Amino acid sequence: MSMSRTITLHQPKRLEIGAGASARVGAWAHDARNVLIIASPHTAGFADRLGLEGQVSVFDAIPGEPDIATLDATIAAAREARPDLVIGLGGGSVMDVAKLVAAMWDSEQSLEDVAGPNRVAGRRSGLVQIATTAGTGSEAGIRALITDPGKGNKIAVESPHLIADLAVLDPELTFSVPPAVTAATGIDAMAHCVEAFTNRNAHPVIDGFARMGIDLVGRYLARAVRDGADTEAREGMMLASFYGGICLGPVNTAAGHALAYPLGTLLHLPHGLANAIIFPHVLAFNEPVAQAKTAEIVAALGLGEGDLLTRAHAFCADLGVEMRLSAHGATEDQLPRFASDAHAIRRLMDNNPRDMTPKEVLAIYRAAF
């Protein structure tokens, strides 16, 4: 960690936080003539809360792990609607698609053209991101991920042109999220913070956001799982997710997310669940080279004393997460492919504070099996 390293923070131009905050979108967007709301079948039902005027179109066919075909279909819908404002209304998958659609629907750039860092030419449409889960922090960030089913991996696009003009954190939109999803997405938010905090490229400024996020998870995740209508807990988790999203920009995640991605692309596990299963194993693996920061994480989460892997595993399992890959349909013969794919994600693996060999990656999958 070094203050001498130059970092850049991108954050939404405006942030609305609090119960009922989604109702303020209409006043902010009063001059928008054509609005395209991108949503999932479930989150499309929240569109009426936004108080929008003008011509409003809704595209609600975004699945949990959007792929290239999903992006193409959404861009086609946008070209028909010709929006001057795009609204992502959903979880991370919805918001990732909304970022790309806002930048690409009236552009000649293809997904291949924009893949990677700083290749998006620009964006003329406004962009609003309204989170309906507390996990990905996508509303805070400049990255979007799309699954390439042919290659079995995720395509990452990173650009300041993907940052929202307005982000909304309304805890009331998360009341209906089931306990198991609340737990998994909450652990994903924590993993963003933890992996940035213990990262090879950690920075004191980002450490501050990470500490706040981890502390909020320790205080509020169990409460949000127990009582989905606990407004304070839900808002606390949305803030934790937002802070995690900020961490992703200048620092990003590390081995934990690298190991989680094949579980999404090949096993089709939801992203939050995949990260929850992997989290305890990578936290314990990294402890020898990040002892002081790991101790802070342990204290913030109230993990207590004893074997770290056992304690961190229990933390996740006690929230109701099924932690065995075999219970989610994985077979033992799939593990070497998972390990090979994960180890090849160098943009994340190279961030890890401790080098991880292919054999060590495979050993983690076997321990989680």
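This text follows the structure it describes.
Predicted model, so just to flag it, every value in this text is computed and none were measured.

A. Structural view of the overall build of the chain. Looking only at helices and strands, the chain features 14 helices and nine strands. Here the C-alpha radius of gyration of the chain, 19 Å, is about what a compact globule of 369 residues would show, namely 21 Å. Its C-alpha atoms give the chain principal-axis dimensions of roughly 60 × 45 × 40 Å. When each of the 369 residues of the chain is scored for burial, the buried share is 59%. Residue pairs at least 24 apart in sequence account for 76% of intrachain contacts in the chain once pairs closer than 6 positions are excluded. A total accessible area of about 14,400 Å² is found for the chain, and carbon and sulfur atoms account for 51% of it.

B. How the structure looks around the sheet that holds strand 5 (residues 116–117). Sheet architecture is open: three strands sit in the order 5-8-7, paired in mixed fashion. Each edge of the open sheet carries a strand with a single partner, namely strand 5 and strand 7 (143–148). Bridge count between strand 5 and strand 8 (residues 153–158): two bridges; the pairing is parallel. Opposite Gly116, over in strand 8, you have Val157 as the bridge partner.

C. Spatial organisation of helix 11 (residues 308–318). Within the span of helix 11, buried status applies to Leu308, Arg311, Ala312, Phe315 and Cys316. Projected down its long axis, helix 11 carries its buried residues within an arc of 135 degrees, all on one side. In this structure, helix 11 carries Thr310 and Asp318 as exposed residues pointing more than 90 degrees from its buried face. The elements touched by buried residues of helix 11 are helix 5 (179–197), helix 9 (271–286) and helix 10 (291–301). Where helix 11 terminates, the next one or two residues include Gly320, which has phi positive at roughly 100 degrees.

D. Broad picture of the side chain of Ser138. Within the fold, Ser138 resides in the loop between strand 6 (126–131) and strand 7. Ser138 sits in the buried class, given a relative accessible area of 6%. Polar side-chain contacts of Ser138 include one of 2.6 Å to the side chain of Asp96.

E. Local environment of the pairing of strand 9 (residues 166–169). The side-chain alternation of strand 9 yields two buried faces, one formed by Leu166 and Val168 and the other by Ala167 and Leu169. Sheet analysis places strand 1 (residues 14–17) next to strand 9, joined by four bridges and oriented parallel. Bridge pairing links Ile17 to Leu169 in strand 9. Bridge count for strand 6 against strand 9 is four bridges, and the pairing is parallel. Across the sheet, the residue bridging to Ala131 is Leu169, located in strand 9.

What counts and how
- Residues numbered from 1 in each chain as written.
- Predicted model: local features only at pLDDT ≥ 70, side-chain atom pairs only at ≥ 80, totals over all residues.
- Heavy atoms only, no water.
- Helix = DSSP H or I, 4+ residues; strand = E, 2+ residues; numbered from the N terminus.
- Rg over C-alpha atoms; globule rule 2.2 N^0.38 Å.
- Buried < 20%, exposed > 50% of the residue type's maximum accessible area, 1.4 Å probe, protein only.
- Contact = heavy atoms within 4.5 Å.
- Areas by Shrake-Rupley, 256 points an atom, 1.4 Å probe, with all protein chains shown as cover.
- Pairing = 2+ DSSP bridges.
- Arc of directions from axis to C-beta.
- Polar contact = N/O pair within 3.5 Å; in protein donor to acceptor, adjacent residues only side chain to side chain.

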